[in-house]
Amino acid sequence: MVIDTGPIPNAPSLWRVRLGLAGRSLKQNWSLFLRTRIGILGLVIIVFYMLLALAHPILMNTVWDERIYDPVIGFAFDETQQPAPPSLSHPLGTDPLGRDILSQLMFSARSEFLLGLLAAVVTVCIGTMVGATAAYFGGLIDMLLMRLADIMIMMPGISILIVLSALIEVGHLELALLIGILSGFGGTGVVLKSQALSVVVKPYIEAARTSGGGTLHIILVHVVPNLLPLSFLYMMFTVTSAIFSEAVLSFLGLLDVRMSWGLMIHTTESAGYLLQVGEYWWLIFPASLSITLLCSSFYLLGRSLDEVVNPRLRRT
Amino acid sequence: MAGATAVGTKPLIRVEGLEKHFPAESHWFRRSDSFVHAVDGISFELARGESFGLVGESGCGKTTTGRLLVRLAEPTGGHVLFDDGEGASTDITTLRGDDLKAFRRKAQMIFQDPYESLNPRRTIFDTVAEPLKVQNACPPLERMERVSRMLEMVGLTPPATYLFRYPHELSGGQRQRVAIARALVIEPIFVVADEPTSMLDVSIRTGVMNLMESLAERLGISYLYITHDLAVARYMCSRIAVMYLGKIVEMGDTEAVLQNPQHPYTQALLSAVPIPDPTATRAPVRISGGVARPLDPPPRCRFYSRCPIADDFCRDNPHPPLEKKGAGQRVACYKA
Ligand SMILES: Nc1ncnc2c1ncn2[C@@H]1O[C@H](COP(=O)(O)OP(=O)(O)OP(=O)(O)O)[C@@H](O)[C@H]1O
Ligand code: SF4
Ligand SMILES: [Mg+2]
């Protein structure tokens, strides 16, 4: 047999090989993802709201008059009576303070995304490190981290926010960080730790130790990458819970935000229209439907990613 | 390979009274009251270039011994003196930090399960290059070449077709070859091979064993070869030690031990294996029961409860010491 060693890729092109590999696995996962119907449904909804969010500044700078359509300080001079029902100039009507509902809806979509994604990234970064560290070290470190997790899980989120909002101004950023910390050190950390426990006993961890790899190397190169699929999953679920918490809190008037879907319902409620849904449906439905749809879409996306990364759940 | 043991040179590894007791239950602030005596005071020497076999049934402490010898576990007692021929021998059980890292360049381990010993999310190149990388053993630009050469040596040719594949794209035999490449790429002088062929198809076992043997000769490696299969031990090892519940019960040249076993446990192990020579006869030795877990073993001979020739002396005396008997092997039995 003739031994043909073939072209050996040299180091400078290594990153290109890796890029190719990443692209290949992305493609495989994408085709798996396409097979999960619920995931596509979720993605369609998300893209729809993303387009709404992106379109808002464009509309504001072109066709919409700022004095009328500003989501916070605008006033529909063209309507005789507020809240005005849907019309050609105000497709979703106006709110009790004379502001355009569609504009509010689109404006809020962007902050919902930012809030959800920031909360998710913070959660997953903290959760992955907590899980990997607790599982790898075990012993005292594990015990301390898990007792901290117990405290985080027991912590009554809403009551803390009520107290916090009395002390400081809690906006979207603060809320995202708070949710990220509570869930990263709490539930998400615990789930990722249980996954990490099955990783740290694998012989390839011991092989890395005999190779001379230190603790940090092993955690970052061997443990964390094997947690990432699950981390992504929990990222999606965190987005859902962040958007939902935001809605509840701003409905209660506890958040210091300029505009949000929860705040839109809050405005309706404080103006006394909440119980007249039949007559003033445009005050309630657009906002509450958006909350429901966006929350479910991230949940659906998470579920379908679960199928992609978890071969056992896959139907063949 | 038996001739590789040069007279007068210091052994590569000298194990003295090595002991590993696992606490049977875990308490936060109190010492456990009972212990699993996984390795219970064993001593042996491993000569440079030699392949030393460790045989015994499941749970007798073979893997634990191997892990202690490459410092994947800390012993609860005893010493492991490692002499790399470049200076005084060092007790590896007390190594820390940089010294431990330097030791890891010389001692490697090949694990039993090739399906679990390779990180599924890393390419073959990443896996085999890992020791070079963490040890900074060669300039980064040379890693590709060294890994390729190593893959070629373990029979994964042409290397370019394997470099950027993932473990799940390879067969069990190919994976074990990758694991061998990872262990040898840093050019160690001592390798613990923990049943490297037991998870492989019978048809490819011999290939992997031949590969390991030829690599040992080419690269001057000494193996601690762990196996429960006496035929494998005979094929690979010049000397063997038979373990039972954390103790070495018989140790010596492979042929001496297998042709003329002195310890009742070795005899029982052998009588379970067919003899290739049709004219040879062997009195069958039967032992009853299974291997117990060495949880707080009583101070008498570990084999007492299953030994067919045990008597009152065995019951009333501590575990017998290893003494020269028979054709030059050393045996731990009062009645051999
Ligand atoms: N980390 C551990 N904690 C507690 N007990 C352990 C641990 N590792 C091994 N043991 C115990 O030590 C004993 C010896 O285990 P070891 O893995 O060394 O056996 P072995 O000879 O390699 O067996 P096998 O042939 O099944 O691999 C067993 O009773 C086992 O239960
Ligand atoms: S010392 Fe006694 S009990 Fe132990 S193996 Fe020998 S004969 Fe059997
Ligand atoms: Mg074992």
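1. Thoughts on the sheet that holds strand β4 (residues 77-82) of chain B
Residues and elements named next belong to chain B.
(1) Moving on: One open sheet holds the four strands; their spatial order is β2-β1-β4-β5, and the pairing between them is antiparallel. In this open sheet, the two strands that pair with only one neighbour each are β2 (35-46) and β5 (90-91).
(2) Moving on: Pairing between strand β1 (residues 13-23) and β2: nine bridges, direction antiparallel. The residue of β2 that forms the bridge with Phe22 is Val36.
(3) Moving on: In this fold helix α1 (residues 62-69) packs onto β1, β2 and β4, with an angle of close to 60° to the strand it touches most, β2.

2. Section: helix α8 (residues 187-200) of chain A
Because each turn of an α-helix spans 3.6 residues, side chains separated by three or four positions end up pointing in the same direction.
Residue and element names in this part refer to chain A.
(1) Moving on: Taking 1.5 Å per residue, 14 residues should reach 20 Å; α8 reaches 20 Å between its end C-alpha atoms and fits that length.
(2) Moving on: Listed as buried for α8 are Thr188, Gly189, Val190, Val191, Leu192, Lys193, Ala196, Val199 and Val200.
(3) Moving on: Lining the buried residues of α8 we find α4 (101-137), α5 (139-154), α7 (172-185), α9 (203-210) and α10 (215-251).

3. Observations regarding the site of ligand 1
All names here are of chain B.
(1) Moving on: Residues in close proximity to ligand 1 total 13 residues, the closest being Phe22, Ala38, Ser58, Thr63 and Thr64.
(2) Moving on: Elements with a contribution of two residues or more to the shell around ligand 1: β2 and α1.
(3) Moving on: Per-element accounting of the shell around ligand 1 gives the leading share, three residues, to α1.

4. With respect to the nonpolar core
(1) Moving on: Counting residues in each nonpolar core, the largest one holds 161 residues, and the members touching the most others are Val128(B), Val242(B) and Ile248(B).
(2) Moving on: At 19 residues, α4(A) tops the list of elements feeding residues into this core.
(3) Moving on: Residues lining this core come from more than one domain, with at least three contributed by each of domain 1 (11-25 + 35-106 + 190-203 + 222-274 + 287-336) and domain 2 (117-187) of chain B.
(4) Moving on: Other than its neighbours up to four places away in sequence, Val242(B) contacts Val55(B), Gly56(B), Ile248(B), Val249(B), Glu250(B), Val257(B), His263(B), Tyr265(B) and Thr266(B).

5. A word on the packing of helix α11 (residues 261-270) of chain A against helix α12 (residues 281-309) of chain A
All names here are of chain A.
(1) Moving on: Direction vectors running N to C along α11 and α12 enclose 155°, while the axes themselves pass 9 Å from each other. Overall, the two elements α11 and α12 adopt an arrangement that is roughly antiparallel. The two elements α11 and α12 meet at a crossing, and its hand is left-handed. Residue-level contacts link Trp261, Met264, Ile265 and Thr268 of α11 to Leu283, Ile284, Ala287, Ser288, Ser290 and Ile291 of α12.

6. Quick notes on the domain arrangement of chain B
A common measure of how large an interface is: the accessible area buried when the components associate.
Residues and elements named next belong to chain B.
(1) Moving on: Split into domains, chain B comes out as domain 1 (11-25 + 35-106 + 190-203 + 222-274 + 287-336) and domain 2 (117-187).
(2) Moving on: One C-alpha centre belongs to domain 1, the other to domain 2; they are set 31 Å apart.
(3) Moving on: Facing six residues of domain 1, the contacting portion of domain 2 comprises six residues.
(4) Moving on: Per-class residue counts for the side of domain 1 that touches domain 2 are four nonpolar, no polar and two charged.

7. Things to note about the interface of chain B and chain A
(1) Moving on: If you look at the interface, chain B gives 32 residues, while chain A gives 26 residues.
(2) Moving on: Looking at the side of chain B that touches chain A, the elements that each hand over two or more residues are α2 (97-104), β6 (107-110), α3 (124-134) and α4 (143-153) of chain B.

8. Topic: the site of ligand 2
(1) Moving on: Near ligand 2, the surroundings consist of Pro264(B), Cys301(B), Phe303(B), Tyr304(B), Cys307(B), Ile309(B), Ala310(B), Cys314(B), Pro320(B), Cys333(B), Tyr334(B) and Lys335(B).
(2) Moving on: Tallied by class, the residues present in the shell around ligand 2 amount to 11 nonpolar, no polar and one charged.

9. A closer look at the sheet that holds strand β11 (residues 323-325) of chain B
Residues and elements named next belong to chain B.
(1) Moving on: What the eight strands build is an open sheet, ordered β6-β7-β8-β3-β9-β10-β12-β11; its pairing is mixed. Whereas interior strands pair on both sides, the edge strands pair on one side only; in this sheet they are β6 and β11. Ignoring strand direction, the axes of neighbouring strands in this sheet form an average angle of 25°.
(2) Moving on: Relative to strand β9 (residues 239-244), strand β3 (residues 51-55) runs parallel, the two sharing four bridges. Along β9, the bridge assignment pairs Leu54 with Ala241.
(3) Moving on: Where helix α5 (residues 172-184) meets the sheet, it contacts β6 and β7 (190-194), and its direction lies at approximately 175° from that of β6.

10. Brief notes about the pairing of β7(B)
All names here are of chain B.
(1) Moving on: Across the five residues that make up β7, a large majority, five, are buried.
(2) Moving on: Covered by surrounding structure in β7 are Phe190, Val192 and Asp194 together with Val191 and Ala193, the residues of both alternating faces.
(3) Moving on: Sheet topology note: the β6/β7 ladder contains four bridges and is parallel. Looking across to β7, one finds that Ile110 is bridged to Ala193.
(4) Moving on: Across five bridges, the pairing between β7 and strand β8 (residues 222-227) is parallel. Counterpart to Val191 in the pairing with β8 is Tyr223.

Cut-off values and rules
Residues numbered from 1 in each chain as written. Chains lettered and ligands numbered in written order. Predicted model: local features only at pLDDT ≥ 70, side-chain atom pairs only at ≥ 80, totals over all residues. Pairing = 2+ DSSP bridges. Helix = DSSP H or I, 4+ residues; strand = E, 2+ residues; numbered from the N terminus. Contact = placed C-beta atoms within 7 Å. Axes fitted to C-alpha atoms, helices over the stretch in contact; angles between N-to-C directions. Expected span 1.5 Å × (residues − 1). Buried ≥ 20, exposed ≤ 12 C-beta atoms within 10 Å, placed from the backbone. Near = placed C-beta within 6 Å. Core = buried A, V, L, I, M, F, W, Y, C linked by C-beta atoms within 7 Å. Domains from an automatic or database assignment. Parallel < 35°, antiparallel > 145°, perpendicular 65-115°, else oblique. Left-handed = near helix turned anticlockwise from the far one by under 90°. Nonpolar A, V, L, I, M, F, W, Y, C, P; charged D, E, K, R; others polar.

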